[in-house]
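Chain by chain, the residues:
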Amino acid sequence: MSEIVELKYGENVYKLPVITGTEDEKAINIAKLRDETGLITLDTGYKNTGATSSSITFLDGEKGILHYRGYPIDQLAEHADFLEVAYLLIYGELPNKEQFDSFVNKIKKHTLIHENTKQFITSYPANAHPMGILASAVCSLSSFYPESLNPYAEKEDEDLTIVRLIAKLPTLIAWIYKMSKGHPFNYPVNKLDYCSNFLHMMFSMPTEEYHIEPVVVEALNKLLILHADHEQNCSASTVRMVGSSKANLYASIAAGICALWGPLHGGANQEVLEMLEKIKADGGDTKKWIAKAKDKNDNFRLMGFGHRVYKNFDPRAKIIKAACDHVLAKLGIHDPILDIAKELEHAALTDDYFIERKLYPNVDFYSGIIYKAMNIPVEMFTVMFALGRLPGWIAQWKEMNENKEPIGRPRQVYVGKTNRDYVPMAKR
Ligand code: CMC
């Protein structure tokens, strides 16, 4: 028998159905609440509100579990290719060899971007934040592919938009980077795999061949997989919300990029490295910075610590920490900021303030150190997060459409002035 929750309001008792997910997650279905009781719920930041039923990603913050379509993140990060994971997230199953080859070949066919895009990118100042350029560039792709504007497009057209996005994002990102350096743009080389091609476009110079280090490729592949989806977070919910108005996929992804930009979301990886550099420049006294993070009169937060959902450990952080040690050892890099990171981690994990609030290192704590070792500049870190998150956003957008979800439209409790008459300006 299905469970119910009883809500007593005034003299009446209302029965609200409880729905149970496949991992035994329970939710009160309040779809008819307002019709039946006249009430709405209030939950700023959606801390207790499920916005959808989804079959893409499962995470259990208490147990530190993260699954994409049922597959544990550690297995995918260890064995899979990023494009294999992209296929899994978007189409629901791991591809067989034929499906994978066909997906990869389609992506390779679309890695070029329209030459006019060069002018678009070079019109920005060299110090423009790459997230701003990327969001605009992704949105502007819709102008080159007007068929993407049709919200009721055939599956083939939708698949083409998906392939174009995955294929072109690395090229766009690399060109944005090259523009910031004033260097010539590199074209994609399709014989290379996704990660190697990206590294080539970022770092090859006409004057010098760039040697693609396998350990860097492996680490990049892992980082992209770890960032590929994270269920209903700020940017994924933004993508679904924008897409629910039937806005095209390019526009919806551009909105997701904007949402990711903030320091409390994807922007945290840039903030982590800037914080570590600042602590180093300040003499490396981690105790002083821990005290600042605990001081309620100080706005400073320990960036890369804490998570809305993970209250035990972030399984991605565990994998990234190991990858970080591996990459630095293989490349022979000794980075003093890694020592500071480890000291902060140790202090925070043994300090009551952090223990009581369940604040653990999150995915962004170590990813920046790996990106730094790859020579990716700090301002590009959040863009790297966007590259990894793209398949997740696409999967969320696709699922929202397939579920035929209605346009997102929250309600509010109005607390402003009540009805009053207009006063002419002279009398105010
Ligand atoms: N440093 C110091 N104190 C913190 C921190 C931190 N990083 N994070 C949370 N707290 C404290 C906060 O002051 C509050 O204390 P009190 O209960 O005394 O008022 C308590 O912990 C709960 O914090 P909250 O802001 O209510 O928690 P939240 O679930 O709303 O926020 C968070 C989660 C990730 C925004 C927050 O922990 C934070 O700002 N962390 C630093 C930024 C960061 O690393 N963000 C990346 C998140 S992972 C990437 C992603 O998936 O987007």
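Broken down by element type, the protein carries 18 helices and 6 strands. Taking 428 residues into account, the globule formula puts the C-alpha radius of gyration at 22 Å, and the protein, at 23 Å, falls close to it. Within the protein, buried positions represent 47% of all 428 residues. Looking at the protein as shown, the accessible area adds up to about 22300 Å², and 52% of this sits on carbon and sulfur atoms. The average position of the 49 basic charges and that of the 54 acidic charges among the side chains of the protein differ by 6 Å.

Let us look at the pairing of strand 5 (residues 65-68). Pairing of strand 4 (residues 57-60) with strand 5 involves 4 bridges; the strand directions are antiparallel. Looking at strand 5, one finds that Thr57 is bridged to Tyr68. Here strand 4 folds back onto strand 5 in antiparallel fashion, the turn holding 4 residues, of which Gly64 has a positive phi close to 70 degrees. Inspection of the sheet shows strand 5 paired to strand 6 (residues 71-72) by 2 bridges, in the antiparallel sense. Directly across from Tyr68, in strand 6, lies its bridge partner Tyr71. Linking strand 5 to strand 6, which pair antiparallel, is a turn of 2 residues; within it Arg69 sits at a positive phi near 50 degrees.

This brings us to the nonpolar core. Counting 121 residues, the largest nonpolar core has Tyr68, Leu134, Ile166, Ile253, Leu302 and Ile369 as the members making the most contacts within it. Among the elements that line this core, the one with the most residues is helix 7 (residues 155-181), at 13 residues. Split by domain, this core shows at least three residues from each of two domains, domain 2 (72-265 + 386-402) and domain 3 (268-373).

Our focus in this paragraph is a positive patch on the surface. A cluster of basic residues, Lys47, Lys296, Arg301, Arg308 and Arg357, forms a positive patch at the surface. If you trace the backbone, Lys296 turns up in the loop between helix 13 (286-294) and helix 14 (315-331).

The next subject is the sheet that holds strand 5. Within the open sheet, the 3 strands sit side by side as 4-5-6. Their pairing is antiparallel. This sheet does not close on itself; its edge strands, each paired only once, are strand 4 and strand 6.

It is worth spelling out the packing of aromatic side chains at this point. For the structure shown, the criterion picks out 16 aromatic pairs. Between Phe82 and Tyr194, the aromatic rings sit 5.7 Å apart at their centres with planes inclined by 40 degrees, giving tilted as the arrangement. Placement of Phe82 in helix 3 (residues 82-91) and of Tyr194 in helix 8 (residues 194-203) is noted, with a sequence separation of 112 residues between them. For the pair shown, Phe82 and Tyr194 are each scored as buried. Grouped by ring-pair contacts, the aromatic residues Phe305, Tyr353, Phe354, Phe365 and Tyr366 constitute a single cluster. Sitting over the face of the ring of Trp289, Lys292 holds its NZ or CZ atom 5.3 Å from the ring centroid. Sitting over the ring of Phe313, Lys318 keeps its end group 4.7 Å from the ring centre.

Now for the domain arrangement of the protein. Assigned domains of the protein: these are domain 1 (4-50), domain 2 (72-265 + 386-402) and domain 3 (268-373). A straight line from the C-alpha centre of domain 1 to that of domain 3 covers 38 Å.

It is worth spelling out the layout of surface pockets at this point. In this structure, the second largest pocket spans a volume of roughly 410 Å³. Every residue lining the second largest pocket is counted, 21 residues in all, and those nearest its centre are Pro151, Ala153, Glu158, Trp397 and Asn401. Considering only residue class, the lining of the second largest pocket consists of 7 nonpolar, 6 polar and 8 charged.

Moving on, we get to unusual backbone geometry. Positive phi, normally seen in glycine, also occurs at Lys358, with a value near 55 degrees. Checked against the element boundaries, Lys358 lands in the loop between helix 16 (352-356) and helix 17 (363-373). Exposure remark for Lys358: the relative accessible area of 36% places this residue in the partly exposed category.

Let us look at the site of the ligand. Close contacts around the ligand come from 19 residues, with His265, Lys296, Arg301, Leu302 and Gly304 the closest. Within the side chain of Arg308, a nitrogen or oxygen atom sits 2.9 Å from an oxygen atom of the ligand. Contact between the ligand and Asn362: an oxygen atom at 2.9 Å from a side-chain N or O atom of the residue. About the coverage of the ligand: the protein hides 78% of its 940 Å² of free accessible area.

Its place among the elements puts Ser148 in the loop between helix 6 (130-144) and helix 7. The buried category is assigned to Ser148, whose relative accessible area is 10%. Non-local contacts of Ser148, meaning those with residues more than four positions away in its chain, are made with Ser142, Thr161, Asn248 and Tyr250. At a separation of 2.7 Å, a polar atom in the side chain of Ser148 contacts the main-chain carbonyl oxygen of Tyr145.

As for its placement among the helices and strands, Asp60 is situated in strand 4. What makes Asp60 buried here is its relative accessible area of 18%. Within the local environment of Asp60, its side chain forms a polar contact with the backbone nitrogen of Glu62, the two atoms lying 3.0 Å apart. When neighbours within four sequence positions are excluded, Asp60 is seen to be in contact with Ile65 and Tyr310.

The rules behind each value
Residue numbers here run from 1 along each chain, matching the order of that chain's written sequence. Where totals are concerned, whole chains, interfaces and linings use all residues; where local detail is concerned, this predicted model gives features only for residues with pLDDT of at least 70, and gives and counts side-chain atom pairs only at 80 or more. Each side-chain value is worked out from all heavy atoms of the structure, with water and hydrogens disregarded. A run of H or I in DSSP counts as a helix once it spans at least four residues, and a run of E counts as a strand once it spans at least two, with each numbered from the N terminus. Using C-alpha atoms as the atom set, the radius of gyration is obtained and then compared with a globule rule of 2.2 Å times the number of residues to the power 0.38. Relative accessibility thresholds used throughout: buried, under 20% of the residue-type maximum; exposed, over 50%; partly exposed, between the two (1.4 Å probe, protein chains only). The method behind every accessible area is Shrake-Rupley, applied with a 1.4 Å probe, and residues are considered shielded solely by the protein chains displayed. Neither His nor the chain ends is counted toward charge; the positive residues are Lys and Arg and the negative residues Asp and Glu. To locate a charge, take atom NZ for lysine, CZ for arginine, CG for aspartate or CD for glutamate. Pairing between two strands requires that DSSP report at least two bridges joining them. Residues belong to a common nonpolar core when they are buried Ala, Val, Leu, Ile, Met, Phe, Trp, Tyr or Cys residues joined through side-chain atoms within 4.5 Å. Bear in mind that the domain bounds are from an automatic or database domain assignment. The patches described consist of residues with a relative accessible area above 30% and no salt bridge, like charges being joined within 9 Å and nonpolar side chains (Val, Leu, Ile, Met, Phe, Trp, Tyr) within 5 Å. One speaks of a salt bridge when a side-chain nitrogen belonging to Lys or Arg is within 4 Å of a carboxyl oxygen belonging to Asp or Glu. Ring pairs are drawn from Phe, Tyr and Trp, using the six-membered ring of Trp, whenever the two centres fall within 6.5 Å, and their geometry is named by plane angle: stacked under 30 degrees, edge-to-face over 60, tilted for the rest. For a ring to carry a charge above it, either NZ of a lysine or CZ of an arginine must fall within 6 Å of the ring centroid while also lying within 35 degrees of the normal to the ring plane. Throughout, the protein atoms alone are placed on a 1 Å grid, and a set of points is a cavity if a 1.4 Å probe fits but cannot get out or a pocket if it is open with protein on both sides within 12 Å along at least five of seven lines; lining residues have an atom within 4 Å of a point. Grid points are joined across faces, edges and corners, and a volume is the space filled by probe spheres set on the points. Each residue gets one label: Ala, Val, Leu, Ile, Met, Phe, Trp, Tyr, Cys and Pro are nonpolar, Asp, Glu, Lys and Arg are charged, and the others, such as Gly, are polar. Near, as used in this document, describes a residue that has one of its heavy atoms within 4 Å of the molecule or strand being considered. Any pair of N or O atoms that falls within 3.5 Å is considered a polar contact. Within protein, one atom must be able to donate a hydrogen and the other to accept it, and sequence-neighbouring residues count only if both atoms are side-chain atoms. Throughout, a residue-residue contact means that at least one pair of heavy atoms, one from each residue, lies within 4.5 Å.

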